Structure formats: structure tokens, C-alpha cells
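# Survey of secondary and tertiary structure
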Amino acid sequence: MLDGGEEKVLRKLRKDLRSGLYSYLVLSLLSEEGELHGYAIRKKLGELSGGKLVPSEGALYDILKSLKKYKLVEDFWVEVNGRPRKYYRLTDLGREVLLALRDEIRTIERTLMRLEGLE
């Protein structure tokens, strides 16, 4: 069992690890699913990860804002059941960046497999 100090360090390292991973996951999800609103993105990430990789609403919207700033995603409004919802979709640049990130992820996967003696 971890004590308070160790738990704090673990939380910090998890946060650091997940921050970039969430951006990759959002780009990948939009690539696979097409256009989604924020709640649907969170729900899909929860389903795919068994509830283990679900950013908070605030964190997700910060990620989407950052991806939009870098022109990797674009947003647009759709009225659903009389209620406006902001949807997101990948841009052409977002697709290009995602391909490069997938190569990086594969390198990380291979390295972890070798490190853990699974390859």
C-alpha cells in the first residue's frame, strides 16, 4: 500500500503520462468515429478503457481547445432535440499529425514490450 507521499507522486506521474495520451486518444477517436460532441468523446473513452482513461470534463475541454488552437480539430454547432451541441471533427492537418503520432506510439509500445521482456 502506498503512503500519502508515494500516492501524491503516483498521481502526478499519472497526470503527466495521461496529458499527452489524451490528446492522441481524442484525435484517434475522431478519426475512427467522425464527428462527436464532448460528452460522446468522454463516454467512448470510458467504454474503450473500461472506465480507466476518462479525462474530467474540464480537462477534456482544455484538450479540445488546445487541439483546435493547433488546427488539428474544428468545432461546429448542431441542434439536437432543440438544444445546441458543439461537435468536433478532425482537420486534414489533424489526420497528418495523427499518423505521425501513431508512429511514435508504436515505437513506445515496442520499447515497453522489449523492456518488459514480452517481445
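Residues numbered from 1 in each chain as written. Predicted model: local features only at pLDDT ≥ 70, side-chain atom pairs only at ≥ 80, totals over all residues. Heavy atoms only, no water.

## Quick look at the overall build of the chain
Counted only if it meets this: Numbering of helices and strands runs from the N terminus, with a helix taken as a DSSP run of H or I at least four residues long and a strand as a DSSP run of E at least two residues long. The rule is simple: take the accessible area with a 1.4 Å probe, protein chains only, and divide by the maximum for that residue type; under 20% is buried, over 50% is exposed, in between is partly exposed. By the convention used here, residues are in contact when the closest approach between their heavy atoms is within 4.5 Å. For every accessible area listed, the method is Shrake-Rupley and the probe measures 1.4 Å; residues are considered covered only by the protein chains on display.
The secondary structure content of the chain amounts to 4 helices and 3 strands. Along the chain direction, N to C, the helices and strands of the chain fall in the order α-β-α-α-β-β-α. Taken along its principal axes, the extent of the C-alpha atoms in the chain is 50 × 35 × 25 Å. The buried share of the chain, taken over its 119 residues, is 25%. Relative to all contacts within the chain whose residues are 6 or more apart in sequence, the contacts with residues 24 or more apart total 46%. Accessible surface, the chain as shown: approximately 8600 Å² in total, 54% of it carbon and sulfur.

## Quick look at the pairing of strand β2 (residues 73-80)
Using the following cut-off: Note on pairing: DSSP must find at least two bridges between two strands before they are called paired.
Where β2 and strand β3 (residues 83-90) come together, 8 bridges link them in antiparallel fashion. Its bridge partner lying in β3, glutamate 79 is registered against proline 84. Remark: 2 residues form the turn of the hairpin made by β2 and β3, two consecutive strands paired antiparallel; asparagine 81 in that turn has positive phi of roughly 55°.

## Let's talk about the sheet that holds β2
Heads up, the rule is: Simply put, an axis is a line fit to the C-alpha atoms, just over the touching stretch for a helix, and the angle between two N-to-C directions goes from 0 to 180 degrees.
Strand order in the open sheet formed by 3 strands is β1-β3-β2, and the pairing between neighbours is antiparallel. Edge positions in the sheet fall to β1 (36-37) and β2, since each of these pairs with one other strand and no more. Relative to β3, β1 runs antiparallel, the two being bridged by 2 bridges. For leucine 36, the partnering residue across the bridge sits in β3 and is tyrosine 88. Of the strands in this sheet, β1, β2 and β3 touch helix α1 (residues 4-33), which is tilted by about 100° from β3.

## Notes on unusual backbone geometry
If a residue is not glycine, its phi is most likely negative; likewise, a peptide bond is most likely trans. Positive phi is not limited to glycine here, since lysine 71 has a value of about 65°. Turning to its location among the elements, lysine 71 is positioned in the loop between α3 (57-69) and β2. In this model, asparagine 81 sits at a positive phi of 55°, which is unusual for a non-glycine residue. Inspection of the secondary structure assignment puts asparagine 81 in the loop between β2 and β3.

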